[in-house]
Amino acid sequence: MKRRIMAALAALGLAATMAVGVAPAAQAVGSGAPYVALGDSEAAGTGNLPYIDQSCLRSRKSYPSVLAASLGTAVVSAACAGATTDDVLWQVGALAASGDLGAGTQVVTLTAGINNVDWQAGLVACNGTDPVACAQALAAAQQAVQALPVKIAMLIGAIRTAAPMAQIVVTGYPMLFGDVTSFCAVGAFQNTPVKFSAEQTSLANTFVSSVNAAIAAGVGGYQQQTGDPGVRFVDIATGFDGHGLCDTGDRWISGLVSGQKTADKGFHPNVGGQQAWAAIVGAALAP
């Protein structure tokens, strides 16, 4: 079981690594696009075909695209699968240089931080029989989480410098799993069923919860230092409650899906999840 889970997670990690690092195409608009989206695969809508940008696995069904339609505007998105906070800082610089992020930008959404923490390694290590490996993986994850608030605050500062008039919405992440008492079947990898134990699902949710807390702390720290009223943290996990894998409601998170064109779905919000994400952010933007 451990080997199957490790292989599945490694394959997903490889796909994300291959997708990151390609400069997002952007057309200069001078004073800034009204809505700009920054972030990782969650903001890119990865796993939901069709893709606007194959290199970043950026979908037409991503929450920024859904949100833009509800706001009656277009979105310029640099969100890219696999992006860390350092990669998103590069996105900010690229869009500022192209003119897409500027004084005329009214809304910026930011979803980043989960790729700074190697939760997959912790999940696999702590499923084995080596307590030392588990402890080391957890320590590495905790160190990455501790560094996250400063990185988020720096990102917000860079966005604010480039877009002085924008409302900046920083989102957290949904829990992957519901309350699992025995096991959670998440699909198959290479035609082999994959199940996560209750302990594993709890560990995964704990990782996500710690990342959310660190992101919120970064937003709070920035606000405390600057007094900037135009920045807010939006809790996505609460809105997704009941819709995780093996949860009580409809799944808003995809399990493992076979096939070259659909493998990216694994552990990403599906179409319903992207729509819910957009609705949660839209409610936060409402006057």
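What counts and what doesn't
Residues numbered from 1 in each chain as written. Predicted model: local features only at pLDDT ≥ 70, side-chain atom pairs only at ≥ 80, totals over all residues. Heavy atoms only, no water. Helix = DSSP H or I, 4+ residues; strand = E, 2+ residues; numbered from the N terminus. Buried < 20%, exposed > 50% of the residue type's maximum accessible area, 1.4 Å probe, protein only. Areas by Shrake-Rupley, 256 points an atom, 1.4 Å probe, with all protein chains shown as cover. Pairing = 2+ DSSP bridges. Contact = heavy atoms within 4.5 Å. Axes fitted to C-alpha atoms, helices over the stretch in contact; angles between N-to-C directions. Disulfide = S-S within 2.5 Å. Salt bridge = Lys/Arg side-chain N within 4 Å of Asp/Glu carboxyl O. Phe/Tyr/Trp six-rings, centres within 6.5 Å; stacked < 30°, edge-to-face > 60°. Core = buried A, V, L, I, M, F, W, Y, C linked by side-chain atoms within 4.5 Å. pLDDT = per-residue confidence, 0-100.

With respect to the overall build of the chain
Turning to step 1, where the next piece is worked out: Each helix and strand in the chain was counted, giving nine helices and nine strands.
Turning to step 2, where the next piece is worked out: Counting over 287 residues, the chain shows a buried share of 49%.
Turning to step 3, where the next piece is worked out: Accessible surface for the chain amounts to roughly 12200 Å². Of this, 57% is attributable to carbon and sulfur atoms.

Some details on the sheet that holds strand 5 (residues 107-111)
Turning to step 1, where the next piece is worked out: Across the sheet, five strands lie side by side as 4-1-5-6-9; this open sheet has parallel pairing. Among the strands making up the open sheet, the edge pair consists of strand 4 (76-77) and strand 9 (231-234).
Turning to step 2, where the next piece is worked out: Against the sheet, helix 7 (residues 198-226) engages strand 6 (167-171) and strand 9, with an angle of about 165° to strand 9.
Turning to step 3, where the next piece is worked out: Each of strand 5, strand 6 and strand 9 touches helix 9 (residues 271-285); the most contacted strand, strand 6, lies at about 140° to it.

Remarks on the state of the cysteines
Turning to step 1, where the next piece is worked out: If you walk through the whole model with that rule in mind, you get two disulfides.
Turning to step 2, where the next piece is worked out: Disulfide pairing places Cys184 opposite Cys246 at an S-S distance of 2.1 Å. Torsion about the S-S bond of the Cys184 and Cys246 cystine: about 90°, corresponding to right-handed handedness. Of this pair, Cys184 sits in strand 7 (residues 183-189) while Cys246 sits in the loop between helix 8 (236-239) and helix 9, and the two are 62 residues apart along the sequence.

Regarding the pairing of strand 7
As a general feature of sheets, a regular strand has side chains that alternate between the two faces.
Turning to step 1, where the next piece is worked out: Pairing of strand 7 with strand 8 (residues 192-197) involves five bridges; the strand directions are antiparallel. Its bridge partner being in strand 8, Phe183 is matched across the sheet by Ser197.
Turning to step 2, where the next piece is worked out: Here strand 7 folds back onto strand 8, and the loop between the two strands holds two residues, one of which, Gln190, carries a positive phi near 50°.

Some remarks on the pattern of salt bridges
Turning to step 1, where the next piece is worked out: Considering all chains together, one arrives at three salt bridges under this definition.
Turning to step 2, where the next piece is worked out: Between Asp53 and Arg58 there is a salt bridge whose closest N-O contact spans 3.6 Å. In this structure, Asp53 and Arg58 share a single accessibility class: buried.
Turning to step 3, where the next piece is worked out: The partner of Asp86 in a salt bridge is Lys151, and the shortest N-O contact between them spans 3.6 Å. With Asp86 in helix 4 (residues 85-98) and Lys151 in helix 6 (residues 131-162), this residue pair connects regions lying 65 residues apart in the sequence.
Turning to step 4, where the next piece is worked out: Of the residues examined, Lys151 reaches a relative accessible area of 28% and is grouped as partly exposed.

So, the packing of aromatic side chains
Turning to step 1, where the next piece is worked out: In this structure the tally under the stated criterion is five aromatic pairs.
Turning to step 2, where the next piece is worked out: Residues Phe196 and Phe267 carry aromatic rings whose centres are separated by 5.9 Å and whose planes lie at 80° to one another, so their mutual orientation is edge-to-face. Of this pair, Phe196 sits in strand 8 while Phe267 sits in the loop between helix 8 and helix 9; the two residues are 71 residues apart in sequence, bridging distant segments of the chain. Accessibility assignment for this pair places Phe196 and Phe267 in one class, buried.
Turning to step 3, where the next piece is worked out: Aromatic side chains Phe240 and Trp277 sit 6.0 Å apart centroid to centroid with 80° between the ring planes, which places their arrangement in the edge-to-face category. Of this pair, Phe240 sits in the loop between helix 8 and helix 9 while Trp277 is found in helix 9, placing the two residues 37 residues apart along the sequence.

Regarding the nonpolar core
Turning to step 1, where the next piece is worked out: Leu38, Phe177 and Val186 are the most contacted members of the largest nonpolar core, which has 69 residues in total.
Turning to step 2, where the next piece is worked out: Filtering out sequence-adjacent residues up to four positions away, Val186 remains in contact with Phe177, Val194, Phe196, Leu245, Gly255, Leu256 and Phe267.

Remarks on the confidence of the model for the chain
Turning to step 1, where the next piece is worked out: On average, residues of the chain carry a pLDDT of 86, and 84% of them reach 70 or more.
Turning to step 2, where the next piece is worked out: Every residue in residues 1-29 is under pLDDT 50, and counting partners more than four places away or in other chains gives 57 contacts.

Description of unusual backbone geometry
Turning to step 1, where the next piece is worked out: Cis rather than trans, the peptide bond between Leu49 and Pro50 has omega equal to 5°.
Turning to step 2, where the next piece is worked out: Mapped onto the elements, Pro50 comes out in the loop between helix 2 (41-44) and strand 2 (51-53).
Turning to step 3, where the next piece is worked out: With phi around 55°, Leu57 is a residue other than glycine that occupies positive phi space.
Turning to step 4, where the next piece is worked out: Considering the arrangement of structural elements, one finds Leu57 in the loop between strand 2 and strand 3 (58-59).
Turning to step 5, where the next piece is worked out: A relative accessible area of 7% means that Leu57 is categorised as buried.

Side note on the pairing of strand 1 (residues 35-39)
Turning to step 1, where the next piece is worked out: Within strand 1, five of the five residues are buried, which leaves the element mostly enclosed by the surrounding structure.
Turning to step 2, where the next piece is worked out: The alternating pattern of strand 1 places Tyr35, Ala37 and Gly39 on one face and Val36 and Leu38 on the opposite face, and all of these are buried.
Turning to step 3, where the next piece is worked out: As judged from the five bridges shared by strand 1 and strand 5, these two strands associate in the parallel manner. In the sheet register, Tyr35 faces strand 5, and the bridge partner there is Val107.
Turning to step 4, where the next piece is worked out: Bridge count between strand 1 and strand 4: two bridges; the pairing is parallel. Following the sheet pairing, Ala37 is matched in strand 4 by Ser77.

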